[in-house]
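Coordinate inspection notes
Spelled out from the first residue to the last, the chains are:
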Amino acid sequence: MDKKERNYDLRELSRKYPNKWVALSSDHKKVIDVGNELKDIVIKIKKKDVVFLKLLSADSFYMP
């Protein structure tokens, strides 16, 4: 399966970091940093191989 087609289970992260910005490693396996504002963690990290996500609370859902 191509990396672009892979779905990642983020439920555990949503329970641990509700309504937070999370910086993950490029393989989505390691949490690098967590914060309330995206700009704060971008300034601290300064890496190129990072995935930034805004996690919703575990009891909410997203429907495009």
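Below is a short write-up of the structure. Since the structure is predicted, the reported quantities are computational estimates derived from the model, not experimental observations. (Residues numbered from 1 in each chain as written. Predicted model: local features only at pLDDT ≥ 70, side-chain atom pairs only at ≥ 80, totals over all residues. Heavy atoms only, no water.)

**A word on the environment of aspartate 59**
Rules: Helix and strand labels come from DSSP, where a helix needs a run of H or I of at least four residues and a strand needs a run of E of at least two; each type is numbered from the N terminus. Partly exposed residues are those whose accessible area sits between 20% and 50% of the maximum for their type, while under 20% is buried and over 50% is exposed, using a 1.4 Å probe and protein chains only. Counted as a polar contact is a pair of N or O atoms within 3.5 Å, where, for protein atoms, one must be capable of donating a hydrogen and the other of accepting one, and residues adjacent in sequence contribute only when both atoms are in side chains.
Along the chain, the position of aspartate 59 falls in the segment after strand 3 (50–54). A relative accessible area of 71% places aspartate 59 in the exposed class. A distance of 2.7 Å separates polar atoms of two side chains, one belonging to aspartate 59 and the other to serine 57.

**Focus on the sheet that holds strand 1 (residues 21–25)**
Cut-off, in case you're wondering: Any two strands with at least two DSSP bridges between them are considered paired. Axis angles are defined between N-to-C directions and span 0 to 180 degrees, where every axis is a line fitted to C-alpha atoms and, for a helix, only to the segment in contact.
An order of 2-1-3 is seen for the three strands of this open sheet, with the pairing classed as antiparallel. Edge strands, defined here as strands with exactly one partner in the open sheet, are strand 2 (31–35) and strand 3. The average angle at which neighbouring strand axes cross in this sheet is 20°, direction not considered. Judged from the five bridges that link them, strand 1 and strand 3 form a sheet pairing that is antiparallel.

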